[in-house]
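In case you want the letters, here they are:
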Amino acid sequence: MRIVVKIGTSTLTHSTGLINIRRVEQLCRVLSDLKNAGHDIIMVSSGAIGMGVGKLSLNEKPTDIPTKQACAALGQCELMYTYDQEFSKYNHNVAQILITSADVENEKYHNNFRNTLSRLVELGVIPIINENDSISTEEISIGDNDTLGAIVAVSVNADLIIILSDIDGLYDKNPRTNPDAKLISEVREITPEITVMGGSAGSGLATGGMHTKIKAAHIVTEKGIDMVIANGSNPDCLYKIVEGGSVGTRFYGRK
Ligand code: ADP
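Quick notes on the rules
Residues numbered from 1 in each chain as written. Predicted model: local features only at pLDDT ≥ 70, side-chain atom pairs only at ≥ 80, totals over all residues. Heavy atoms only, no water. Helix = DSSP H or I, 4+ residues; strand = E, 2+ residues; numbered from the N terminus. Rg over C-alpha atoms; globule rule 2.2 N^0.38 Å. Buried < 20%, exposed > 50% of the residue type's maximum accessible area, 1.4 Å probe, protein only. Contact = heavy atoms within 4.5 Å. Areas by Shrake-Rupley, 256 points an atom, 1.4 Å probe, with all protein chains shown as cover. Lys, Arg positive; Asp, Glu negative; His and termini not counted. Charge placed at Lys NZ, Arg CZ, Asp CG, Glu CD. Polar contact = N/O pair within 3.5 Å; in protein donor to acceptor, adjacent residues only side chain to side chain. Salt bridge = Lys/Arg side-chain N within 4 Å of Asp/Glu carboxyl O. Pairing = 2+ DSSP bridges. pLDDT = per-residue confidence, 0-100.

## Structural notes on the overall build of the protein chain
When helices and strands are counted, the protein chain shows 10 helices and eight strands. Relative to its length of 255 residues, the protein chain is compact, with a C-alpha radius of gyration of 17 Å against a globular reference of 18 Å. Counting only C-alpha atoms and orienting by the principal axes, one finds that the protein chain spans roughly 40 × 40 × 40 Å. Across the 255 residues of the protein chain, 51% fall into the buried class. Counting contacts in the protein chain only where the partners sit at least 6 residues apart, residues at least 24 apart contribute 70% of the total. Carbon and sulfur atoms make up 48% of the accessible area of the protein chain, which totals about 12000 Å². Positive and negative side-chain charges of the protein chain, numbering 24 and 30 respectively, have mean locations separated by a distance of 3 Å.

Okay, structure coming up:
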């Protein structure tokens, strides 16, 4: 299978903004093992700004654009350094691609992006994609990595995209404010009811929330790709997801 795995900031870092070492080690071990089993792995990783904030020991996420972009530049280095080290333990190579919306809207650039991605996968490399937050402005920003994950999944003709979040999956209402919310384990059609279930961004360092995940599900399921939202706190769940087991919320691609 060709699998895109999107990792949210909250999966990679502690609430301090510093890297969650145990989590990242587990994640890279499981992804390496899935790759050893013959699957193609493509990652979309958030976390650059959060890591930059942690590295500079800033007390909170900056609000001004130059500091945010500086943190992204600093944190992206740290992020890739960490992935490179972890995947090297299992003899896997990683490669970084940073894009903005201009790179997917312009046909020529998009083709180049697709070709490079395909070649990297053929070469047995694990591509790690992120938005180019250091130069991205509002006009050219994709905006969130759930959408970026969906764009990547379509670009590489993935079979499956797994979105690792800070929550078990999509609930019928926001479980942070509704303790009786129920997990929805399967979505075969994205109805208007499903669409309204997404709230706004939940955690301090993250930007997405459920609405961007449902938007991503729209993009991929239209192309026949399955999407699973699962909790990133236990990377071992990836095995079960790949085997088709019931974990989190699975959106079924249109066949
Ligand atoms: P991540 O970066 O890990 O993907 P986000 O904060 O972007 O995390 O998105 C997950 C958050 O979305 C949850 O922690 C929760 O606060 C919020 N949320 C809003 N509505 C829902 C819902 N219906 N089901 C699940 N989570 C929801």
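Having seen it, we continue.
## Points about the side chain of threonine 212
By secondary structure assignment, the location of threonine 212 is in helix α9 (residues 210-222). A distance of 2.6 Å separates the side chain of threonine 212 from the side chain of aspartate 146, its partner in a polar contact. What threonine 212 contacts, discounting residues up to four positions off in sequence, is Asp144 and Asp146.

## A word on the pattern of salt bridges
Evaluation of the coordinates by the stated rule reveals 13 salt bridges. Across the pair aspartate 146 and lysine 213 runs a salt bridge whose closest N-O atoms are separated by 3.1 Å. Of this pair, aspartate 146 sits in helix α7 (residues 145-155) while lysine 213 sits in helix α9, and the two are 67 residues apart along the sequence. Pair check on accessibility: aspartate 146 and lysine 213 agree, each one buried. Among the ionic pairs, lysine 255 bridges to aspartate 226, the shortest N-O distance being 3.7 Å. With a gap of 29 residues between them, lysine 255 in the segment after β8 (249-251) and aspartate 226 in strand β7 (residues 226-231) connect regions that are remote in the sequence. For aspartate 226, a relative accessible area of 11% translates into the label buried.

## Here's the deal with the sheet that holds strand β2 (residues 40-45)
Sheet architecture is open: eight strands sit in the order β3-β4-β2-β1-β5-β7-β8-β6, paired in mixed fashion. The sheet terminates laterally at β3 (94-99) and β6 (186-187), the two strands that pair on one side only. Here β2 pairs with strand β4 (residues 126-131) via two bridges, running parallel. Bridging from a neighbouring strand, valine 44 pairs with isoleucine 129 of β4.

## Overview of the confidence of the model for the protein chain
Within the protein chain, residue pLDDT values average 92, and 96% of them lie at 70 or more. Counting contacts from residues 201-206, a segment whose pLDDT is below 50, to residues more than four positions away or on other chains yields 13 contacts.

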